[in-house]
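Take a look at the letters that make up each chain.
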Amino acid sequence: MSKILVLANLGSDYGEAMFYKGLVELLGPDRVICWPFKNTYHGKADHYPERSVNGTHYFDSGKSWSEKWTDRALYRAWLPERHPAIPTSNDGPLSWMPPQPTYPWKYETIVDLLQKGEIPLVVMGAVRWHSSIAWCELREALANGPFPPLVLLDNEDYYQLRWDFVHEYRPLVMFKRTLVLEGNPRSDIENNDVKVPIYPMPFSTLWPDLPWVPWEEREWDIFCVFGATQVLRQKVKDTVLAVASEFPRLRVMAQVGHPMGHEEYMRTLGRSKIVIDHQRMGTDTVRFWEATSAGACVLSDLHLPIEPALVPGVHYAQYDRDMSWQGDQQVFDRFKIVLRDLLANTDRAHAIARAGYDAVRTQHRNVDRARYVLEKARAHGVDLKGLL
């Protein structure tokens with residue numbers, strides 16, 4: 001029975017988690033191998049040696065990153081018993097991800113399955129060192145013989161393309177969460193000597209079953225509550241309050257930094273008409289998928305290609321992004337125009353909210369992302385008979 005091998009990173013990576021959950025839903029737990037086995041996907045905590053201590057790599061601070069990725073001293077370095085003197089991390093289970101029904105596999109069994117050709121595809125779940133060093137060890141175990149094609153997932157927030165990983169691991173296909181091409185000085189697709197297909201793969205919804213709250217029953221006209229992770233979010237909040245002051249009797253929740261638990265937060269999103277989303281570079285946030293899934297009209301600076309398409313003005317409302325490296329050049333003129341229009345035309349806000357809600361919960365679930373990755377791999381020649 002064919003299986004897909006996912007090389008996991010033992011740290012927080014929301015994109016990998018969403019893909020993994022979707023893959024298990026799509027194929028079933030017996031057809032998905034997680035290596036190294038990630039406890040946080042299974043309701044437990046992960047403890048593994050930190051990569052560096054006080055800024056110094058604990059193996060060889062003089063080596064380049066690509067040399068460390070292929071260093072045999074790192075093989076299975078995520079095991080605490082390998083390096084008892086190194087401080088360990090303490091990553092707890094993801095609160096929004098139910099424990100997955102997959103189970104640990106022995107390294108020797110994985111090698112045997114690879115040798116027998118029972119793993120037609122390997123997915124490197126993150127552009128991080130646990131995933132990459134696991135690939136190197138397995139590749140060496142097969143003595144440089146035939147090895148399944150590799151799919152590379154890059155779920156990082158930054159929008160530069162990881163050509164270092166592409167050159168080192170030569171994936172068949174690459175998926176980039178923050179695939180910002182227009183205006184991205186670090187995309188460099190045309191001039192790169194390694195040609196690899198690159199497809200967009202933003203986050204997906206973990207909440208496809210949230211009930212639609214009737215529009216007239218919603219208690220908040222605008223929800224604008226952020227974590228303090230972007231320098232301009234205070235300005236976003238102030239702009240919202242300035243526009244809202246032009247409309248009497250609006251009910252607005254606006255602050256930077258909030259103590260809400262996730263269940264209360266999701267309930268509040270579902271009882272809000274307009275939710276403000278902000279990232280500044282035009283990439284997506286978990287907030288975008290939470291709010292759309294909850295049925296809100298989302299006003300976002302999202303400018304990503306998404307398959308199937310989510311169309312600005314149809315599935316969400318859009319304002320201008322900021323592609324500067326400083327991260328403080330965003331202009332909010334368009335933001336004000338769109339917010340005023342949504343407040344003055346509640347039927348339009350309602351229609352956008354409903355269209356986004358319907359599209360996300362039927363076409364942008366975790367299982368849809370997993371199928372999307374496998375179908376792209378199949379289109380590039382991977383034999384997935386019996387899996388798809």
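Residues numbered from 1 in each chain as written. Predicted model: local features only at pLDDT ≥ 70, side-chain atom pairs only at ≥ 80, totals over all residues. Heavy atoms only, no water.

Peer 1: Give me unusual backbone geometry: which residues, what numbers.
Peer 2: The omega angle of the peptide bond from Trp-35 to Pro-36 is -10°, so this bond is cis rather than trans. Within the element layout of this structure, Pro-36 appears in the loop between β2 (32-35) and β3 (52-53). Note that the residue after Glu-307, namely Pro-308, is joined by a cis bond; omega there is -10°. Within the fold, Pro-308 resides in the loop between β12 (297-300) and β13 (317-318). A positive phi angle is found at Arg-280, which is not glycine, with a value near 90°. Among the structural elements, Arg-280 can be located in the loop between β11 (272-276) and α8 (286-294). (Helix = DSSP H or I, 4+ residues; strand = E, 2+ residues; numbered from the N terminus.)

Peer 1: For the pattern of salt bridges, give the residues involved together with the corresponding values.
Peer 2: In this structure the tally under the stated criterion is 20 salt bridges. Between Arg-72 and Glu-140 there is a salt bridge, with its nearest N and O atoms 3.1 Å apart. Of this pair, Arg-72 sits in the loop between α2 (65-69) and α3 (107-115) while Glu-140 is found in helix α4 (residues 129-141), placing the two residues 68 residues apart along the sequence. Residue class for Arg-72 comes out exposed when judged on its relative accessible area of 57%. Residue class for Glu-140 comes out partly exposed when judged on its relative accessible area of 36%. Residues Arg-76 and Glu-137 are paired through a salt bridge, measuring 2.7 Å at the closest nitrogen-oxygen approach. In this pair, Arg-76 sits in the loop between α2 and α3 while Glu-137 sits in helix α4, placing the two residues 61 residues apart along the sequence. Since its relative accessible area comes to 22%, Arg-76 is described here as partly exposed. Connected through salt bridges with shared partners, the residues Asp-13, Arg-128 and Glu-156 form a single ionic network. (Salt bridge = Lys/Arg side-chain N within 4 Å of Asp/Glu carboxyl O. Buried < 20%, exposed > 50% of the residue type's maximum accessible area, 1.4 Å probe, protein only.)

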